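Listed here are the chains, written in short residue letters.
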Amino acid sequence: MKHKIEQLLMKGLSLLFEHREPFLKKWKYQLNKLNYQNDHLVSKFETIIELALLKASEDKKLNVDAFIFSLFSEWQARFSKKEEEDECIFLLTTIEHLFHQLLALKPSTTFFDHQAVQSIFSRILDQTFLTQNVESQSQKWLKSIITTNIVPVKWIAVVKKNQPDYQVETVVCSDLYSVDRHLLDICSSLKAGEIDHLSLAIQKLVGRSTDEQDIVQIPCINDYLLICPEDLLTDEQIMFFKGMYIRKLKLLQLESKMEWKDASLLFLQRLIRTKSVDDAVNTISRGLVDLMPFKRCALFLYNHFVDKGIGVSGYNVSASAVQQIKEEIFTLPLIDKYFYSLTHSQPLYFSNALDILPKRYVQEYQLKSLVILPIFVPTNSKLLGVALLDQGADAHFSVLPETLTTLIRFGQYSGELLYSIWDEALQQFGGPQTILTLREKEVLQLIADGASISEAAAELHLSSYTVRDYVSSIIQKLAAKNRTDAAVKAIKMNLIS
């Protein structure tokens, strides 16, 4: 299995490099079109993209995980400012979307090619945003190491190397060596061009005037451990601290990956088992609550015939009430302001639902914070709908970056399922504008049986002009190319036999 996944990732990587020239052109055009405001972040992405292309051209035996991790390490080393996760997710999903568009232009492209590209960006999100969250747990780890007292220490600090400075992330002291909380907070804000300066500054703040103990500096990948021991540390003890810290990074990252990967796999397994349109939409809305950190879900699909969002399913919220909602989507602030993000798979978090939804819905469903998940088909660049997710009535909440990255895949899996049954979904939920009348079904059945317009008219005792009107209406409702295509779609949708 590992070999197969590696093959898929390598295929995705080769496709990225194969399309690098048209991508760079499309990327520049897209940024100009967007008029994206955060030029500083864009320039960082461009630097990393150029570096990635250079690394790939120089290394013919590339390991995908090592490649991605090296780029992430380069990001940390070059850029000291911690960027907003949602903006990074936005740019990454934009880049992925551009590659899917380029693949779609080639007739020889297969679904496997799209999956290969998708797997690369999924791995990138894992290695970057999940790693950021893992590293934020340093304080908890330091406390556990000090409490076990395997090697007696007075305090331990974690320092990050952020080009060009070193910066203290956290300092934890032994219970036997208590230090004022305010002094520890000051330590956590320290940065310096030399790590020796940080060692001295921390010792001045949390040490005592009689302390003359040397501070031990231990490099650990991109971090440093600064340790003030009770006694001199042996080489074995230094290796113990280094090994434990690196192991902690790897284990916590692996646990985080597995947790979200398992959720994605379970969600996909549920979708595969669905047998009808009703089953599909209900499985999506329930799965988003069962497997993700939310309590309510309302699912809406986009009816392109009438430019309306139509409610189709709800979980822990009245499904019948949701199904009554039919809203002209292009009048909504959500679509007006964030349409581009939604059409690039990006989940959106809002602390205040009033910013994006009409007041009547916010009041009726007692909405506070809200996450909007696009139901998107990356292989065809189609937005089919959105899922609204929250923590229940009148609940304010925040969202972790790994939740947003996992939701991207949930939205894409849902999009692929619904796209495969899209005609049936619109026929069932689209309202009277997309439901064929009994007479239209009769006309279409005759057409499917091989009758001409005049033959169908004679059979139904109608004029040829009337039958032509019926055929035109049928073609429009089913979004068909012609009457033959309409007959094929109708058979597939079980409208006729």
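Look above for the structure.
Scoring rules and cut-offs
Residues numbered from 1 in each chain as written. Predicted model: local features only at pLDDT ≥ 70, side-chain atom pairs only at ≥ 80, totals over all residues. Heavy atoms only, no water. Helix = DSSP H or I, 4+ residues; strand = E, 2+ residues; numbered from the N terminus. Buried < 20%, exposed > 50% of the residue type's maximum accessible area, 1.4 Å probe, protein only. Contact = heavy atoms within 4.5 Å. Pairing = 2+ DSSP bridges. Axes fitted to C-alpha atoms, helices over the stretch in contact; angles between N-to-C directions. Phe/Tyr/Trp six-rings, centres within 6.5 Å; stacked < 30°, edge-to-face > 60°. Lys NZ or Arg CZ within 6 Å of the ring centre and 35° of its normal. Core = buried A, V, L, I, M, F, W, Y, C linked by side-chain atoms within 4.5 Å. Salt bridge = Lys/Arg side-chain N within 4 Å of Asp/Glu carboxyl O.

A. The arrangement of the side chain of Thr 94 in detail. Mapped onto the elements, Thr 94 comes out in helix 5 (residues 85-104). Residue class for Thr 94 comes out buried when judged on its relative accessible area of 2%. Setting aside residues no more than four positions away along its own chain, Thr 94 makes contact with Gln 30, Tyr 340 and His 344.

B. Expanded view of the sheet that holds strand 6 (residues 296-303). Strand order across the open sheet formed by six strands is 8-7-6-11-10-9, with antiparallel pairing between neighbours. One side of each edge strand has no neighbouring strand; the edge strands of this open sheet are strand 8 (326-328) and strand 9 (348-350). The mean angle between the axes of side-by-side strands here comes to 25°, regardless of whether they run parallel or antiparallel. Across six bridges, strand 6 lies against strand 11 (residues 382-390) in antiparallel orientation. Across the sheet, Cys 297 pairs through a bridge with Leu 389, a residue of strand 11.

C. Local environment of the packing of aromatic side chains. Under the definition given, this model contains nine aromatic pairs. Ring centres 4.3 Å apart and planes at 15° place the aromatic pair Phe 267 and Phe 410 in the stacked group. Within this pair, whereas Phe 267 is found in helix 10 (residues 235-272), its partner Phe 410 is found in helix 15 (residues 401-420), the two being separated by 143 residues in sequence. Judged by its relative accessible area of 0%, Phe 410 is buried. Here the aromatic cluster, defined as three or more aromatic residues joined through ring pairs, consists of Phe 23, Trp 27, Phe 99 and Phe 121. Sitting above the plane of the Tyr 166 ring, Lys 161 keeps its charged end 4.9 Å from the centroid.

D. Quick look at the nonpolar core. The biggest cluster of nonpolar side chains holds 74 residues, and the ones touching the most others in it are Trp 27, Phe 45, Leu 288, Leu 407 and Leu 418. The element contributing the most residues to this core is helix 5, with 10 residues. Those residues in contact with Leu 288, other than ones at most four positions away along the chain, are Phe 267, Phe 294, Cys 297, Leu 373, Ala 387, Leu 389, Leu 407 and Phe 410. Judged by nonpolar contacts, the second largest core, of 25 residues, contains Leu 332, Val 362, Tyr 365 and Leu 367.

E. Summary view of the pattern of salt bridges. Overall, the coordinates contain 12 salt bridges when judged by the stated rule. Close ionic contact of Arg 360 with Glu 327 constitutes a salt bridge, the shortest N to O distance being 2.8 Å. Here Arg 360, found in helix 14 (residues 359-364), pairs with Glu 327, found in strand 8; they are 33 residues apart in sequence, far enough to count as distant. Arg 360 sits in the partly exposed class, given a relative accessible area of 48%.

F. Layout of the environment of Asp 469. Along the chain, Asp 469 turns up in helix 19 (residues 464-477). Classification of Asp 469 by relative accessible area gives exposed; the value is 55%. For the pair formed by Asp 469 and Glu 440, sequence separation is 29 residues and the distance between their alpha carbons is 9.8 Å.

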